[in-house]
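# Per-entry structural report
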Amino acid sequence: SAVTDPVPGNNTDTEPTTVTPTTDLAIAATAAPAGTIEAGTQLSYVIDVTNNGPIAATGVTVDTTLPAGLTFASGTGTAWTCGAVAQVVTCTRAGSLAIGAAPQLTIVTNSDAPSGTTATTVLTVSSNFADPATANNSVSLDTLIIDREIDVVANTAFPDTFRNPGEGAPIRAV
């Protein structure tokens with residue numbers, strides 16, 4: 001038998017639900033040259049940003065905190081725009097980043113740190129969305145600054161005469 005609901009007006013309910021979009025971004029970076037650089041030379045960071053999903057990310061930004069002794073020279077990469085304020089380089093990606101890898105980003109710095117300094121640079125990626133896996137959002141790279149070395153060649157006909165192939169670099173006889 002069919003039963004009729006005596007109060008049909010209470011058969012439905014509406015509950016507002018807030019949906020917060022999330023996406024898992026990851027960053028990886030290498031220094032070039034890796035490990036050590038000579039004082040007074042350039043150091044580049046080659047940066048890979050990946051969107052692991054589940055949706056496209058907007059407002060993707062890479063912040064790079066440079067240590068004292070390194071200064072921003074340039075930042076390049078397809079759809080990336082970079083600028084610096086003091087020791088923080090900010091590179092922003094235009095548009096959205098679909099699931100997958102972004103075009104590579106390269107940041108070039110100048111070194112005026114003294115020899116013996118370990119330059120620790122921290123790179124962090126973020127977007128307009130919450131990230132459920134923050135452990136892969138930053139990377140830290142250490143580079144040792146060493147003395148600039150040059151080759152010195154003695155002229156055997158004139159033992160006190162040295163040729164300095166690197167103009168402006170100090171002569172060091174070994």
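Residues numbered from 1 in each chain as written. Predicted model: local features only at pLDDT ≥ 70, side-chain atom pairs only at ≥ 80, totals over all residues. Heavy atoms only, no water.

### Comments concerning the overall build of the protein chain
Selection criterion: Secondary structure elements follow DSSP: runs of H or I no shorter than four residues count as helices, runs of E no shorter than two count as strands, and numbering proceeds from the N terminus. The buried label applies to any residue whose accessible area, calculated with a 1.4 Å probe on protein chains only, is under 20% of its type's maximum; exposed applies above 50%, and partly exposed to all values in between. Note on contacts: a residue pair qualifies if any of its non-hydrogen atoms lie within 4.5 Å across the two residues. Calculation of accessible area relied on Shrake-Rupley with a 1.4 Å probe; when residues are assessed, cover is drawn exclusively from the protein chains displayed.
Looking only at helices and strands, one finds zero helices and 15 strands in the protein chain. The buried share of the protein chain, taken over its 174 residues, is 28%. In the protein chain, once contacts between residues fewer than 6 apart in sequence are set aside, the share between residues at least 24 apart is 70%. Accessible area of the protein chain: about 10,200 Å², with a carbon and sulfur share of 55%.

### What about the state of the cysteines?
Definition in use: To count as a disulfide, a pair of cysteine sulfur atoms needs to be within 2.5 Å.
The full count for this structure, using the stated rule, is one disulfide. Shown here is the disulfide that connects C82 with C91, its sulfur atoms set 2.1 Å apart. Here the disulfide of C82 and C91 is right-handed, its torsion about the S-S bond being about 115°. Its relative accessible area of 22% is what places C82 among the partly exposed residues. The buried category is assigned to C91, whose relative accessible area is 0%.

### What to know about the nonpolar core
So the rule is basically this: Buried residues of nine kinds, namely Ala, Val, Leu, Ile, Met, Phe, Trp, Tyr and Cys, make up a nonpolar core once their side-chain atoms join them within 4.5 Å.
Within the largest apolar cluster, 27 residues are counted, with the highest numbers of intra-cluster contacts made by Y45, I47, V49, V60, V62 and W80. Among the elements of the structure, β1 (25–32), β3 (42–51), β8 (88–93), β11 (105–111), β12 (118–126) and β13 (138–146) are those that each provide at least two residues to this core. Non-local contacts of I47, meaning those with residues more than four positions away in its chain, are made with I27, A28, A29, V62, Q104, L105, I107 and L123.

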